Structures are given as C-alpha cells and as structure tokens.
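# Commentary on secondary and tertiary structure
Each chain, letter by letter, is given below.
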Amino acid sequence: MRRLPGQAARLLARVAHILGTLALALAVLAGVGLAGLAWRLSQGPLELAWLAQRMEAALNAEGDARVSIRSAAIAWEGFREGVDRPLDIRLTDVVVVDPVRGQRLDLPRLDVSLSLRGLVRGQVQPRAMVIDGARLVVVRMADGSIGFQNSDAPDAVEEPGGTGVVVALIAELARPPAADSGEDVRSTRFSQLRRIRIRDAGLTVIDRPLAATWRAKLLDLDLVRAPEGGVQGRGQLALTLGGEEVALGASGTLEAGGAEMHVHASLGPVAPAALAREAALFAPLAALDAKVSGDADLDLGPQLAVRRVRVDAHVGPGTARIGASDVPFLGGDLVAEGAAGDVLLRGVSLRLPGHDADASSLLRATGAIHREGGRLRAALVLDLDRMDFADLGRVWPVGISVPARTWVTGNITAGIARDGHADLVLEANEDLSDFTLASASGTMQGDGLTVHWLRPVPPIEHGMARLDILDPDTLAVTVTAGRQAQEGAHDEGIGIRSGRMRITGLMHKDQVATIDADLAGPLA
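Just so it is clear, the structure is predicted and the values come from calculations on it, not from any experiment.

What follows is about the overall build of the protein chain. Helix and strand counts for the protein chain come out as 8 helices and 27 strands. Going through the 524 residues of the protein chain one by one, you find that 40% of them count as buried. Partitioning the contacts of the protein chain with sequence separation of at least 6, the portion at a separation of at least 24 is 49%. Looking at the protein chain as shown, the accessible area adds up to about 28,100 Å², and 60% of this sits on carbon and sulfur atoms.

So, about helix H2 (residues 49-60). For H2, which comprises 12 residues, the first-to-last C-alpha distance of 17 Å matches the rise-based estimate of 16 Å (1.5 Å per residue) to within 8%. Every buried residue of H2 is listed here: Leu51, Ala52, Met55, Ala58, Leu59 and Asn60.

Quick look at the side chain of His452 now. Here His452 lies in the loop between strand E23 (436-451) and strand E24 (460-471). On the accessibility criterion, His452 (16% relative accessible area) is buried.

Here we come to the side chain of Ser71. Position of Ser71 relative to the elements: it lies in strand E2 (residues 66-76). What makes Ser71 buried here is its relative accessible area of 9%. Engagement of the side chain of Ser71 in a polar contact is seen with the side chain of Thr92, the distance being 2.3 Å. Contact partners of Ser71, with chain neighbours within four places excluded, come to Glu47, Ala52, Arg90, Leu91 and Thr92.

Right, let's get into empty space enclosed by the protein. Under the criterion given, the structure shown has 2 cavities of 30 Å³ or more. In this model, the largest cavity occupies a volume close to 100 Å³. In terms of lining residues, the largest cavity is bounded by Phe389, Trp407, Ile412, Met444, Gln445, Gly446, Leu449, Val451, Ala465, Arg466, Leu467 and Val477. Only E23 and E24 provide two or more residues apiece to the lining of the largest cavity. Broken down by element, the lining of the largest cavity gets its largest block of residues, 5 residues, from E23. What the second largest cavity holds in volume is close to 40 Å³. If you trace the second largest cavity, you find it lined by Leu173, Leu193, Arg194, Arg195, Ile196, Leu223, Val224, Arg225 and Val231.

What follows concerns the sheet that holds strand E17 (residues 325-329). One open sheet accounts for 3 strands, arranged E13-E16-E17; its pairing is antiparallel. Among the strands making up the open sheet, the edge pair consists of strand E13 (288-289) and E17. Judged from the 5 bridges that link them, strand E16 (residues 318-322) and E17 form a sheet pairing that is antiparallel. The residue of E17 that forms the bridge with Ala320 is Val327.

With that settled, the discussion passes to the environment of Ala273. Assignment of secondary structure puts Ala273 in helix H6 (residues 272-276). Residues Ala273 and Ala283 lie 10 residues apart in sequence; the distance between their C-alpha atoms is 8.0 Å. Contact partners of Ala273, with chain neighbours within four places excluded, come to Leu285, Ala286 and Leu288.

In this section: unusual backbone geometry. With a phi close to 50°, Asp93 is a non-glycine residue in the positive phi region. As for its position among the elements, Asp93 is in strand E3 (residues 87-98). With a relative accessible area of 36%, Asp93 lands in the partly exposed category. Positioned with a positive phi, Asp419 is a non-glycine residue whose angle comes to about 50°. Take Asp419: it is sitting in strand E22 (residues 412-429). By relative accessible area, which is 57% here, Asp419 ends up exposed.

Along helix H8 (residues 402-411), the residues that are buried comprise Pro403, Ala404, Arg405, Trp407, Val408 and Asn411. In this structure, the buried residues of H8 make contact with helix H7 (392-395), E22, E23, strand E25 (474-484) and strand E26 (494-504).

Rules and cut-offs
Residues numbered from 1 in each chain as written. Predicted model: local features only at pLDDT ≥ 70, side-chain atom pairs only at ≥ 80, totals over all residues. Heavy atoms only, no water. Helix = DSSP H or I, 4+ residues; strand = E, 2+ residues; numbered from the N terminus. Buried < 20%, exposed > 50% of the residue type's maximum accessible area, 1.4 Å probe, protein only. Contact = heavy atoms within 4.5 Å. Areas by Shrake-Rupley, 256 points an atom, 1.4 Å probe, with all protein chains shown as cover. Expected span 1.5 Å × (residues − 1). Polar contact = N/O pair within 3.5 Å; in protein donor to acceptor, adjacent residues only side chain to side chain. 1 Å grid on protein atoms, 1.4 Å probe; cavity = no way out; pocket = protein on both sides within 12 Å on 5 of 7 lines; lining within 4 Å. Points joined across faces, edges and corners; volume = space filled by probe spheres on them. Pairing = 2+ DSSP bridges.

Here it is, written out as structure tokens:
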C-alpha cells in the first residue's frame, strides 16, 4: 500500500517531536547532573579513589622514581583562583621516592591542572601546579648548579640529586609551551606546563660555595611561563638570620631560550653581624653595627651559576669597627657590582658626625676590591667635603697609618679641612684586621688652622694651608697665611707670608721635618 505525502509528513513531524522531547529530557538531566555536581563541589572537593590509582600507575610507568598518592579529588576553584582551569585536581600526601639516589620528596598538598590529550593517552602532563606546605632542601653546588637532598644537616653525607631534573626543567620552560591540540603536541612531562606556584613552604638552601646554610619560609613563589618561552616570576620569603626573620622579596626573568636569567631582590632592614655569622664570605660585615637594607640584581647562567651581582644598599646610623676604633657615622649609601672575587665600587657615601649637629661631613668613595688567598686589596678614591680638625681623631681609625694619624691629630688642633681628595691602596685580612697602607697620595685645603709644627715652640695660628700626601711616608704642608705666636709677647707675633714643611718617616718611629718660611715681624 503506498503512503500518501501527507501521511509521510505527519510521520516525520511525530519523529521530530519525539527526538526533540528526548533531547530536551537529556538536556534537563544533564543540567540537573551539572547542577548537582556544582552543588557537591561547592561543599568541598569530590574525592575520587580511582583517579589517585590511575595517576599513580601513569606516573610510575615513567622513569625510576616511585610515586604514591594518598587521595585525589576534583575541586572547584573558580575562574579567578584556579591554577589553570576552574576545575583542579587536588592531590594530598604525594610522596616521590628515588630508590637510585635515596631521595624522597613529600608534598602535603598539590593542586594540578592536567593536559586532556595527555590523559587520553595515559600520560600525566601538568599544565599548572600549586604546591602547599612542602619542605624543600636545595643544594647549591660548587659550580653553581642546583640539586636536592633529604637532610638539611650540615654534615649530611648523601650526594644531592635532581640537578639534571632542574636543568632539564629550566631548558623546557625556556621553550614556548606546547598546545593541548594542534600541531605542537610535544609529549614531554613538562612541555605544557604554564605555571608553578609554591605557598607556605619551608626552604633550606645548603650553599656549598659559601659554606653556609640558609633557612627561610617561602611564603609565596609564582612562576608563569610566557607564550614565546621563558618565565616571569615573583616571590616573598621570610629569611632567618641570627635568630630573627628578615623580609626578602624577589622577582626574576628566565629569557626565552634559557641562555640568561635575571633576578632582582629586595632585603628589609637587617643587622650585618647576623649575615656575617651565616657565611665566612660575609665575615667583614661583622665590623658594621648598623641596620642595612637594599636591593640586589643578579645575572645567572643556564646552570644557575652567578655571573654578575649589583648591590644598591642603604646603611642607617651606627659604627664601623676599623682597625682598633669604632668609627661613628650618621648613615650612608653604597652602589657596587662584582663577579668572580672582584668588586667594583660605583659609589659610596658616608655621612660623618661632627662635634655639633651642624658640623657633619660627607665622605665619598669609588674604587675596586680584589679578593685572593684570604686577603683583600682595595684601590680607593676618597673625597671629603669638609671636616673640623677637632673631629678628625674620632673618624681616623686607630691603627691606620699610625705615624701620620699621630702627627696630624696631635699637632693640627683647630681649623676646618675642605675639598679633601686621596688615592689609597689598602691591604687587609678578610676580617678587616691587619690593615696595611700600601700606597697613598692626596691633597686637602685648610683654614683657621692651629698647627704645632715644632713643640714646644708656640703654634701657628689662623693659618691657611694645603696638605699634600706624597706617599705613605711623606707629608707636605704649604702655608699661604698665618701668624706664629710668641710666648710671653703682647703683640700679634710673627706673620707668615708663605712657608712649606716637608715631613718624612711617617711609617717609622721617628720623623724628620724640613721647613722653609717667609716671615715678617719683630724678633724681640
């Protein structure tokens, strides 16, 4: 029997109605399911035992390390808080054991977003990770490379592992991240990793080049991979120094390709003596009794070896132990950079106190410091704006160029020094003891001077002169005006039109003075 066109149309309409009703029912059921899932996730993570087992199996199928996961759950973090997507996988009590090296890493909580394509292939490829509450022990090797170990004891005997893993991870992050679809489907473990965040971690760094162990609370470290490759990062730490916590902020960049890494760090106020106790390299800082804060910029190589360091520091009021004296100062600033044992002083300024509040002096310095064989050699250029000679004994350390200090502070008892300039070469032990003045030259103007040039002869008063340091052993004083007082005389004494005094033997017990002068005045 042949169907009529009208009957076929009614049949198609009925089928379409049934399919539409079924689709609507499926949509309603899916909506109810999603709503139920959303409600369930709003109450907290949804634990999935099979997911933990599946991830363990996938991870243990690759490499020698063994991984155990106590639990796995799906957690809704929202579009703002999720590490990569609103839905994260939350793993708890993750333990990674390397039986070859005897290494163990415990991660109390790990939120991770995984590659969907990788999951289909049975691979675990993280796209983003947030690690909470970990305890990390990092070892910086003699060549600057980074590894890990279990114990943070100074005498731990095991060799650190993971150096190759760190280098491989840095090399991978320097490349553009792979896509979850499309042409670039690299299948290495971290090829799709876009973000790593570590929060509330305990960090111990065993720094073998510095023979030091640093401890800090890693409050937050956030590393974000750029689309073109490379990483931008920022972090906040609470560094433990001398029993107190010091704030340390840092930001950094791993350049695309991985050839260079740049780190900028800011250190809160800290007592240098606390830093000196942590590493022998910083032992000279024990001489500084003042609070120091500042910024540092580091350039690192692909193995994390330090290539260059630049420091911009500010020092508050305090004292510095130099020679046998505690030299007071009101504050100062330092800009320096260095690499491989050499330090270039771009600029140092130090405000020195006077006998009253209006008599402070500004000392500026530039130069270079070389460290070799446990000794320091510094070539310095010093400039002093002004100083009252009455204050010179407070800021010229005892034990530094003893004969010159003894003569100048003992015989120039009044007057103002201006426009001082000196070129010095100093040598000392690393703890700043056993100072030696290897080379010295310089000049200084003075006015209103009182100079005892040959005791018990009465001094020259109201003098104007120029002081020249010819070498560590020789000093010359050129007088352009002044008056030689006469004991018991009631007139103004002998006028000094010009004169020159040359003193030799400053580095020896006895000195010799040669004096030439143009005088005018009565002889009796």
